[in-house]
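Chain residues, written in single-letter form:
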Amino acid sequence: MTYSQTWDLESIFPGGITSPQLTQKYELITSQTQDFATKVDAYRASDDKNFDQLANLADLAQTISAGIGTAGIFVNGWSSVDYGNSVYAPHFDKLGNLWVAFSTPLNRFQKLLLQLDDATFATAIKTQRLSPIAFYLTELRTDAKRLLDDSTESLINQFDLDGQQAWSQHYDTISASLSMNYTDETGKTRQISAGQALNMLDGEPNNETRANIMANYEKMWGNAENLTADTLNHLAGFRLTNQKAHQRQNYLEQPLEMNRMSEETLKAMWQVVDNNKGMFKPYFDRKKALLGLSQLGWQDQVAPLTNIGDYSPKEVSYDEAAQFIITQFGKFSPKMADFAKMAFENNWIESENRPGKQPGGYMESVPDLHESRIFLTYTGSVNDAATIAHELGHAFHSAQLNDLPFWRDAYAMNVAETASTFAELIVNDANVKAATTDAEKVVLLDAKMTNPIAMFLNIHARFLFEDAFYTERQNGVVTPQRLNELMDEAQKSAFDGMLDTRHPHFWSSKLHFFIDSVPFYNFPYTFGYLFSAGIYAQAQKDGDNFEDKYIALLRDTANMTSEELAQKHLSVDLTKPDFWQAGADLVKKDIDEFLSLSEQFIK
């Protein structure tokens, strides 16, 4: 089987970005939103709080949300493969306006839930049509207590188009315009985009070339620091003002609520991360020796090992990676394997390595079709296969909710990262187990370490930086020079001094800091990684009984808090360190094996 490496967007709307069906979708959403607004106002004004009418309003709101989501993935999909083309800007503006128009009556819908007294609301969400979305409706009702008057909320939503959203889009414009030169191992100078440089940093095997790319990458983002600092400051300033207007006590309150987790859980997780950083020191010392380095730079933390014994990593073809993923998924869940095979066959995945693509990778659902689309760039490395598995994990999660109402698909980012990381763990572990020599196992164990390095160290540095930045931003604009200092301090702390050279402009280069819809786009990754480690351990113990339990957990992810989910399906308390420590212990086990096997290859 030869799988396509370009995805199918035509099945969403035929004819590309100028599709007449896309225009019709815009018009339908506008009409549905007007209808929703009229019916919400009529219900609020009526003395008869009929529960069927309330359910009809909820259904219509979910239909509109799904429609905006479908149009959004279509536009974003085309933009991702043609990064920086201004032709998509009007469509993003249109989508923003559609969401703002919908947000106004949606806020009024939230308020009408608050108009119902506690007893009436409790009765309503027990009815047959509303009980499946009772948890989400309760969240909407609770959040309504913070809402301002209708006209003010409408004005804030409108301002957001040229506020947070605009600054986030402005960052994309900056990023897409950047390019840099680097010198390869032959001494030839090459020019690459910012996205290509990021992809190469993780996979370049030559020490000198990798260092040259890193130096020029840091310089490139340094040259853009005034633009990116303006962007970050204004985006954060809008967010802080909006949070204050809605009576939020601090900047962490909103991201914690969005992830349905307590501050106690967050502190317990980071405390375990801090307590276990020492295990990475002997790993990095050994990696320096294996790479032939006297110092470890930012670019070296996940650099591939290529000259271990007589083992030379071979490039893995896309079809080979696909078949390996399908096979390994099947050992844990036949449904996961069947789903992955279907995604490959139906061209849901954009993976071709070519210029002009957005850096990074993602999965997005197509709600109206009950499908997903996956974006990444495949270069043939072992880590790339794991990335495909990661995104397929997201898609499988979403697929398990297809028969449920749209609001039951509104799971938080932290549990979203659980399914993806679990899928990635399956593939990484299988790669290590399939090794036939010590040298191969050392290389694959090192590749497997990419995730824990990110989750324990890199992500923690992002959190520490953002925490410090928002603290200072409350008192005024933070200069680029100060942002560099904050990032360098965060990396020193998070990596516990293990890096000899760091990446002070990481704040400037990392897209996640500039995403408007999700504040603190960092700690959910570490949560998902460690949470999935617990699930993976249970999968190995349960064997054939695992699949149904796993799917049951996924189906509950938008129906309770993170703590309730863990207690119900794993019988663990997330506010205590024991659960998080179990995940750290698995990492320590891999490090110990890596150190034991690699000692023979030290020259």
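Structural data are supplied above this passage.
The model shown is predicted, which means the values in this text are computed figures rather than measured ones.

1. Considering helix α19 (residues 450-473)
Between the first and last C-alpha of α19 there are 32 Å, a value that for 24 residues agrees with the 34 Å anticipated at 1.5 Å per step. Considering bend angle alone, the principal kink of α19 is centred on Asn458 and spans about 30°. Counted residue by residue, α19 has 17 buried out of 24 residues, so it is predominantly covered.

2. Focus: the pairing of strand β4 (residues 362-366)
The buried fraction of β4 is high, at four of five residues. Hairpin geometry of β4 and strand β5 (residues 371-375) is characterised by an intervening segment of four residues between the two adjacent antiparallel strands and by a positive phi of about 55° at His370.

3. Things to note about the packing of aromatic side chains
Summed over all chains, the structure comprises 45 aromatic pairs. Between Tyr3 and Phe344 the ring centres are 5.2 Å apart and the planes differ by 35°, which places this aromatic pair in the tilted class. With Tyr3 in the segment before α1 (20-45) and Phe344 in helix α15 (residues 334-345), this residue pair connects regions lying 341 residues apart in the sequence. Centre to centre, the rings of Phe36 and Phe109 are 6.1 Å apart; their planes meet at 45°, and the pair counts as tilted. In this pair, Phe36 sits in helix α1 while Phe109 sits in helix α3 (residues 89-115), placing the two residues 73 residues apart along the sequence. For the pair shown, Phe36 and Phe109 are each scored as buried. These aromatic residues form a ring-pair network of at least three members: Tyr251, Trp270, Trp298, Phe463, Phe465, Phe469, Tyr470, Phe495, Phe506, Phe513, Phe520 and Phe523. Over the ring of Phe121 we find Arg141; its NZ or CZ atom is 4.7 Å from the centre of that ring. Directly above the aromatic system of Phe375 lies the positively charged group of Lys357, at a separation of 4.9 Å from the ring centroid.

4. Remarks on the side chain of Lys448
With respect to the element layout, Lys448 can be found in helix α18 (residues 438-448). If near-sequence neighbours (up to four positions away) are discounted, Lys448 is found in contact with Asn428, Asp429, Val432 and Asp590.

5. Things to note about the environment of His569
By secondary structure assignment, the location of His569 is in helix α24 (residues 562-570). Note: C-alpha distance between His569 and Ala101 (468 residues apart in sequence) is 39 Å. If near-sequence neighbours (up to four positions away) are discounted, His569 is found in contact with Gln538, Lys549, Ala552, Leu553 and Asp556. Here the side chain of His569 touches Asp556 through a polar contact of 2.8 Å, side chain to side chain.

6. Comments concerning empty space enclosed by the protein
Applying the stated criterion across every chain, the model contains one cavity of 30 Å³ or more. Here the largest cavity is characterised by a volume of approximately 60 Å³. Along its surface, the largest cavity is lined by Gly195, Gln196, Asn199, Asn353, Arg354, Pro355, Gly356, Lys357, Gln358, Pro359 and Thr377. Partitioned by chemical class, the residues of the lining of the largest cavity number two nonpolar, seven polar and two charged.

Reading the values: rules and limits
- Residues numbered from 1 in each chain as written.
- Predicted model: local features only at pLDDT ≥ 70, side-chain atom pairs only at ≥ 80, totals over all residues.
- Heavy atoms only, no water.
- Helix = DSSP H or I, 4+ residues; strand = E, 2+ residues; numbered from the N terminus.
- Expected span 1.5 Å × (residues − 1).
- Bend = angle between axes of the 7 residues up to and from the residue.
- Buried < 20%, exposed > 50% of the residue type's maximum accessible area, 1.4 Å probe, protein only.
- Pairing = 2+ DSSP bridges.
- Phe/Tyr/Trp six-rings, centres within 6.5 Å; stacked < 30°, edge-to-face > 60°.
- Lys NZ or Arg CZ within 6 Å of the ring centre and 35° of its normal.
- Contact = heavy atoms within 4.5 Å.
- Polar contact = N/O pair within 3.5 Å; in protein donor to acceptor, adjacent residues only side chain to side chain.
- 1 Å grid on protein atoms, 1.4 Å probe; cavity = no way out; pocket = protein on both sides within 12 Å on 5 of 7 lines; lining within 4 Å.
- Points joined across faces, edges and corners; volume = space filled by probe spheres on them.
- Nonpolar A, V, L, I, M, F, W, Y, C, P; charged D, E, K, R; others polar.

These figures capture arrangement, not role.
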